[in-house]
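Each chain, letter by letter, is given below.
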Amino acid sequence: MRHPRAHSLLKLLTGLAQAALNACQLIVASAIPTATVTPIQSAYVTAGTPVNFTITVKDNDSSGCAPITFNLSDTLPSGWTGIWNTSGLSMSPGASATATLSVTSPAGTLDGFYNVAMSATRSNSYVTASAAATYVISTPAPVSISVSTNQPSYSSGQTVAIAVSALSGTSP
């Protein structure tokens, strides 16, 4: 048989649990997660080369809050591809987690510095942590080397004059 006050006690505990959850949700609004990315700038690569960027997200919620999942997204130049190694990061308050985004530019993309934006959004709200990096495309100039001598054949003991020319693009 149930104690006559058990229902009242259960109702009180349920109310307290809901109040704690509401308090945590209020704290979450001010506990903005943080994000960092590495590398900040890629090495110089040719167009079409995949580059990996790693985002580290920290859940800055207080220890009384429930674990949360952050959904990952990216903003890339039109026509580029980005592939995440995971769709989301689940973590406890105060913890950090990482994910990797592999970014590939289309072949033929012009040399330049291109923005790669990454975001982690709390699954239960619109609170987002963002970080950005730079994907650098630099097409190396063609290199040509030529070697010549001052005559087509030589006798034994004769001095050979050799000329070497190296060009990077049109520059020596």
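Below or above, wherever it landed, is the structure these notes cover. Only a predicted model underlies this, so the values are computations on that prediction, with no experimental measurement involved.

**Comments concerning the packing of aromatic side chains**
Reasoning step 1: With the rule as written, the count across this model stands at three aromatic pairs.
Reasoning step 2: The interplanar angle of 50° and the centroid separation of 5.0 Å between the aromatic rings of Trp80 and Tyr114 together place this pair among those described as tilted. You can see Trp80 sitting in the loop between strand S4 (68-75) and strand S5 (81-84) and its partner Tyr114 sitting in strand S8 (residues 112-122), a full 34 residues away along the chain.
Reasoning step 3: Ring centres of Trp80 and Tyr135 lie 4.7 Å apart, and the angle between their planes is 70°; on these two criteria the pair is classed as edge-to-face. Of the two residues, Trp80 is situated in the loop between S4 and S5 and Tyr135 in strand S9 (residues 128-137); the sequence distance between them amounts to 55 residues.
Reasoning step 4: Take Trp80: its relative accessible area is 10%, and that puts it in the buried class.
Reasoning step 5: An aromatic cluster of three or more residues is present, and its members are Trp80, Tyr114 and Tyr135.

**Brief notes about the pairing of S9**
Reasoning step 1: With three bridges connecting them, strand S2 (residues 41-45) and S9 associate as parallel partners. By the bridge assignment for S9, Gln41 is matched with Thr134.
Reasoning step 2: With ten bridges joining them, S8 and S9 adopt antiparallel strand pairing. What sits directly across from Gly112, in S9, is Ile137.
Reasoning step 3: Taking the residues that link successive antiparallel strands as the turn, the S8-S9 hairpin has five residues.

Definitions and limits used
Along every chain, residues carry numbers that run from 1 in the direction the sequence is written. Totals for whole chains, interfaces and linings use every residue, but because this is a predicted model, local features are given only for residues with pLDDT of at least 70 and side-chain atom pairs only at 80 or more, for both listing and counting. Only heavy atoms go into the side-chain values, all of them from the structure, while hydrogens and water stay out. Ring geometry is summarised as follows: Phe, Tyr and Trp rings, the Trp one being its six-membered ring, pair when their centres sit within 6.5 Å, and such pairs are stacked at plane angles under 30 degrees, edge-to-face over 60 and tilted between the two. Working definition: helices are DSSP H or I runs of at least four residues, strands are E runs of at least two. Numbering for both runs from the N terminus. Categorising residues by exposure relies on relative accessible area from a 1.4 Å probe, with only protein chains included: less than 20% of the type maximum marks a residue as buried, more than 50% marks it as exposed, and the intermediate range marks it as partly exposed. We treat two strands as partners when DSSP finds at least two bridges between them.

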